[in-house]
Amino acid sequence: TPSRTRGGRVRGTMRGQRPLPPDETSVLDAVGGEIVAIVSPVSICMMCCVFLVRLLRVDGEDATANVRGGIASAAYQEESSDSTAVRAGGAVLNSVVFVLFITCATFGIFFLFKHNCTRLIWGYMGLSGLLIFGVLGAVIGMETCQALDIPLDMLTFSLWTYNFSVVGVGVTFFGKTFGAPLVVKQGFLIFIGVVVAFYFTRIPEWTTWTLLVAMALYDIVAVLAPGGPLRVLVELAQERDEEIPALVYEAAPAARGARRGGGGVLESVMASRAGPPRTAGAAAGAAGGSGTPDYGAADADAETKPLIRGGDRDRGADRDGDGDGAETSRVERDADDADDADAFALPDAIKLGLGDFIFYSVLVGRAAMHDLFTMFACYFAVIQGLIATLLMLGFAKKALPALPISIAAGVVAYVGSRFFLEPVTQQAAARLVVF
């Protein structure tokens, strides 16, 4: 829908950009709903993880039970008697092994997807989900019932676990077959994120923080670098116009019948690349090739029509014999198109990989083991980083990694709160000093 600028010129919106409604006067007014729709589930996941950490924590140096074994501690098992240098070196080694494992797993999914083994991928993921729901989730449920003194017999608990696991796997991994509402799938995805994040908080502290930094760096390379595992997977899905076999949280259902191959990727925020309106020939040529979903809801015919009725103005100027007016109209139209290309626009449905939920929650959960003051500092830092990523997404209009900014902000908030701000506030409170 065209809009009129302050100078009286008629401007059109680029294909994919949603114009500001009349009652919305800023970018935040227009996209605030989309941001809240993705920030709210992330906050719920983090707060649930913090609740479990505070409820099920055990006494010890790390205020938690360290997990023995597993890929996160495959190369080094941290001991309380180890020196700081040994812990740091072992944590780096564990992080390298974990990142290599994730990279190999992602490339494995890519090759299976390339050779049309999608059913095998979903079958493996469904089995993994069944273990998360039926084993890890059941253990957390038992510990929670014991911590809260909830009387529950084993038979009833087993039946509940069985039903919850079967329905969770069906809705999460085979949602199209079950036809479950989107909100139900969102709930199960948040549950998976909470369970996995809670178990990650039980790995040693040095390994946890090193692993978070390593995953943030990996996210940059995997999404932005040419040949990155996530990038090639997304490009292949776009070429085939298929959905990526991954656990992705969808904030809102797509408002258009557009292709969904690039709608979301593992551990990254996705957005389409906006471009100029295609002609009929270009649209037909791109039908069988690579592409990305459009931002706005528009049919194929609407995309081939000019959004700015500059031609009418030109013809009117020619009829009046004013050639300079037609030339000025063209210049103004070109300037408007250049402005629209740089305008802010978010996709209709923002999708966030479940891995981002997990690592956000791990960071905040680990901070909660120290105290709630540090936890809230890290929580707000992570949320600010996520919002900054979403705002960058609106301008970049391409895939952006969701971990780097939030993890960097969270780590800085943790170090600053625990080692700098907290000692000052404690000394001030002890001396009854109020700022």
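Details of the structure are given in the entry above.
Note that the structure is predicted; figures quoted are calculated from it, not measured. (Residues numbered from 1 in each chain as written. Predicted model: local features only at pLDDT ≥ 70, side-chain atom pairs only at ≥ 80, totals over all residues. Heavy atoms only, no water.)

Asks: I'd like to hear about the overall build of the chain, residue by residue, with values.
Replies: Along the chain, the regular secondary structure elements total 15 helices and six strands. Going through the 435 residues of the chain one by one, you find that 44% of them count as buried. Restricting the contact set of the chain to residue pairs at least 6 apart, pairs at least 24 apart contribute 76%. As presented, the chain carries roughly 21500 Å² of accessible surface, and 64% of it is formed by carbon and sulfur atoms. (Helix = DSSP H or I, 4+ residues; strand = E, 2+ residues; numbered from the N terminus. Buried < 20%, exposed > 50% of the residue type's maximum accessible area, 1.4 Å probe, protein only. Contact = heavy atoms within 4.5 Å. Areas by Shrake-Rupley, 256 points an atom, 1.4 Å probe, with all protein chains shown as cover.)

Asks: With reference to specific residues and values, describe helix 8 (residues 229-240).
Replies: Across its 12 residues, helix 8 extends 17 Å between first and last C-alpha, which sits within 8% of the 16 Å expected from 1.5 Å per residue. Buried within helix 8 we find Pro229, Leu230, Val232, Leu233, Val234, Leu236, Ala237 and Gln238. Two residues or fewer after helix 8 comes Asp241, characterised by a positive phi angle close to 55 degrees. (Expected span 1.5 Å × (residues − 1).)

Asks: Give a description of unusual backbone geometry that names residues and reports values.
Replies: Even without a glycine there, the phi angle at Asn116 is positive, about 60 degrees. Judged by its relative accessible area of 59%, Asn116 is exposed. Residue Asp149 is not a glycine yet carries a positive backbone phi of 55 degrees.

Asks: Which residues make up the packing of helix 4 (residues 154-173) against helix 6 (residues 182-200), and what are the values?
Replies: The geometry of helix 4 relative to helix 6 is characterised by a closest axis approach of 9 Å and an angle of 110 degrees between their N-to-C directions. Here helix 4 is positioned roughly perpendicular relative to helix 6, judged by the angle of their axes. Remark: the crossing between helix 4 and helix 6 carries left-handed chirality. Across from Phe164, Val167, Gly168, Val171 and Thr172 in helix 4, the residues of helix 6 making contact are Val184, Lys185, Phe188, Leu189, Phe191 and Ile192. Taken together, the residues of the contact of helix 4 with helix 6 sort by class into eight nonpolar, two polar and one charged. (Axes fitted to C-alpha atoms, helices over the stretch in contact; angles between N-to-C directions. Parallel < 35°, antiparallel > 145°, perpendicular 65-115°, else oblique. Left-handed = near helix turned anticlockwise from the far one by under 90°. Nonpolar A, V, L, I, M, F, W, Y, C, P; charged D, E, K, R; others polar.)

Asks: Lay out the environment of Arg202 with the relevant residues and their values.
Replies: Within the secondary structure, Arg202 sits in the loop between helix 6 and helix 7 (205-224). Distance in space between the C-alpha atoms of Arg202 and Val362 is 9.4 Å, their sequence separation being 160 residues. One polar contact links Arg202 to Glu143, side chain to side chain, over a distance of 3.3 Å. (Polar contact = N/O pair within 3.5 Å; in protein donor to acceptor, adjacent residues only side chain to side chain.)

Asks: Which residues make up the pattern of salt bridges, and what values do they have?
Replies: Applying the stated criterion to the full structure yields three salt bridges. In this structure, Arg418 engages Glu205 in a salt bridge whose closest nitrogen and oxygen atoms are separated by 3.1 Å. With Arg418 in helix 15 (residues 403-430) and Glu205 in helix 7, this residue pair connects regions lying 213 residues apart in the sequence. We classify Glu205 as buried; its relative accessible area is 18%. (Salt bridge = Lys/Arg side-chain N within 4 Å of Asp/Glu carboxyl O.)

Asks: Go over the state of the cysteines, please, and point to the residues and values.
Replies: As enumerated under the stated definition, the model contains zero disulfides in all. This cysteine, Cys45, is not joined by any disulfide, and Cys49 carries the nearest cysteine sulfur, 6.9 Å off. (Disulfide = S-S within 2.5 Å.)

Asks: Could you give an account of the nonpolar core, with specific residues and numbers?
Replies: Burial of nonpolar side chains together is a common tendency in soluble globular proteins. Residues Ile38, Val42, Met46, Phe98, Phe200, Met215 and Tyr360 are the most contacted members of the largest nonpolar core, which totals 85 residues. Per-element accounting of this core gives the leading share, 11 residues, to helix 1 (residues 27-56). (Core = buried A, V, L, I, M, F, W, Y, C linked by side-chain atoms within 4.5 Å.)

Asks: Describe the packing of aromatic side chains, naming the residues involved and giving the relevant values.
Replies: Taken as a whole and assessed by the stated rule, the structure comprises 12 aromatic pairs. Note on Tyr249 and Phe357: the rings are 5.3 Å apart at their centroids and 45 degrees apart in plane angle, and the pair reads as tilted. In this pair, Tyr249 sits in strand 3 (residues 248-250) while Phe357 sits in helix 13 (residues 354-368), placing the two residues 108 residues apart along the sequence. Taken together, a centroid distance of 5.2 Å and an interplanar angle of 65 degrees make the contact between Tyr379 and Phe380 edge-to-face. Judged by relative accessible area, Phe380 falls into the partly exposed class, the value being 46%. Ring pairs connect the aromatic residues Phe133, Phe164, Phe188 and Phe191, which therefore count as one cluster. Against the face of Phe113 rests Arg240, its NZ or CZ located 5.4 Å from the ring centre. (Phe/Tyr/Trp six-rings, centres within 6.5 Å; stacked < 30°, edge-to-face > 60°. Lys NZ or Arg CZ within 6 Å of the ring centre and 35° of its normal.)

Asks: Before we move on, could you go through the packing of helix 3 (residues 118-147) against helix 6 and cite the residues and values that matter?
Replies: Here helix 3 crosses helix 6 at 60 degrees, and the two axes come no closer than 10 Å. Relative to helix 6, helix 3 is oriented oblique. Classified by chirality, the crossing of helix 6 by helix 3 is left-handed. In this structure, helix 3 contributes Ile132, Phe133, Leu136, Gly137, Val139 and Ile140 to the contact, and helix 6 contributes Phe188, Phe191, Ile192, Val195, Val196, Phe198 and Tyr199. Here the residues of the contact of helix 3 with helix 6 are counted per class, giving 12 nonpolar, one polar and no charged.

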